[in-house]
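# Residue-level structural notes
Next come the chains, spelled out residue by residue.
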Amino acid sequence: TTIVADRSEPAVRVEVVAGSGDLRPGHRFLDGSVLEGSVHVPAVRLQLSGDARAGDRLLSHIPDLLAGHTPLPSLVHGDLWGGNAAITAAGEPAIFDPATYYGDREVDLAMTELFGGFSGAFYRGYNAEWSLDRGYETRKMLYNLYHILNHFNLFGSGYVGQAERTIGQLLS
């Protein structure tokens, strides 16, 4: 795994993935660098939504969607949903099956909202410790699009509508 040595750099980069199957982070970025990234928008997968131009439009719109957002890299779980979190018998929180990398902390929170399994108390507690940056609701859609498209790739057309709605919202 290759990560940025200087963690003071902004974490936001755009990943280009041309493979198939599991589209986890750690590939080449549009600027040519290699980093465990925080924004996963595989152009190849966007074209699977039925509108090949939507992927190009979204990719060109990403700088606007991320304008002014320069998060410091955080160690993120990478696959944080309710099925990968639990409470031990001693009452301690536990997470498992990680796909860890350094990226925008918002990617994990976005995924918790995509697939559920976390209580309102979880989000209130998180925000009490470190509130989310302005514009999170839009970035959440962009970050979750990666998982929606990956599920489309892995599990089929049941995710097409959700992908198209998300792309449409991001382009509006």
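Residues numbered from 1 in each chain as written. Predicted model: local features only at pLDDT ≥ 70, side-chain atom pairs only at ≥ 80, totals over all residues. Heavy atoms only, no water.

## Notes on the environment of F152
Tracing the backbone shows F152 in helix α5 (residues 136-155). The buried category is assigned to F152, whose relative accessible area is 14%. Spatially, the C-alpha atoms of F152 and Q162 are 9.4 Å apart, while their sequence positions differ by 10 residues. (Helix = DSSP H or I, 4+ residues; strand = E, 2+ residues; numbered from the N terminus. Buried < 20%, exposed > 50% of the residue type's maximum accessible area, 1.4 Å probe, protein only.)

## Details of the pattern of salt bridges
For the structure on display, the rule yields 4 salt bridges. The shortest N-O distance in the salt bridge between E106 and R139 comes to 2.7 Å. Of the two residues, E106 is situated in helix α3 (residues 106-115) and R139 in helix α5; the sequence distance between them amounts to 33 residues. Here K140 and E137 are joined by a salt bridge, their closest N and O atoms 2.9 Å apart. (Salt bridge = Lys/Arg side-chain N within 4 Å of Asp/Glu carboxyl O.)

## Regarding the side chain of S74
Note on placement: S74 falls in strand β3 (residues 74-76). A residue is classified by how much of its surface remains accessible, and S74, at 14% relative accessible area, is buried. Sequence-distant contacts of S74, defined by excluding residues within four places in its chain, comprise Y101, Y102, G103, R105 and W130. (Contact = heavy atoms within 4.5 Å.)

## Observations concerning the packing of aromatic side chains
Evaluation of the coordinates by the stated rule reveals 2 aromatic pairs. Centre to centre, the rings of F118 and F122 are 4.7 Å apart; their planes meet at 45°, and the pair counts as tilted. Using a relative accessible area of 29% as the deciding quantity, one classes F122 as partly exposed. With 5.0 Å between their ring centres and 80° between their planes, F122 and Y123 make a pair best called edge-to-face. Through successive ring pairs, a cluster of aromatic residues spans F118, F122 and Y123. When the ring centre of W130 is taken as origin, the NZ or CZ atom of R105, which lies over that ring, is 3.8 Å away. (Phe/Tyr/Trp six-rings, centres within 6.5 Å; stacked < 30°, edge-to-face > 60°. Lys NZ or Arg CZ within 6 Å of the ring centre and 35° of its normal.)

## What to know about α3
An α-helix turns once per 3.6 residues; consequently, residues spaced three or four apart project the same way. Most of α3 sits inside the fold, with 8 of its 10 residues counted as buried. Those residues of α3 lying buried are E106, V107, D108, L109, A110, M111, T112 and L114. Each element contacted by the buried residues of α3 is listed here: β3, β6 (101-103), α4 (120-129), α5 and α6 (160-171). After α3 finishes, the residue G116 shows a positive phi value of roughly 75°.

## Some points on unusual backbone geometry
With phi around 55°, D97 is a residue other than glycine that occupies positive phi space. Its location among the elements puts D97 in the loop between β5 (93-95) and β6. Judged by its relative accessible area of 45%, D97 is partly exposed.

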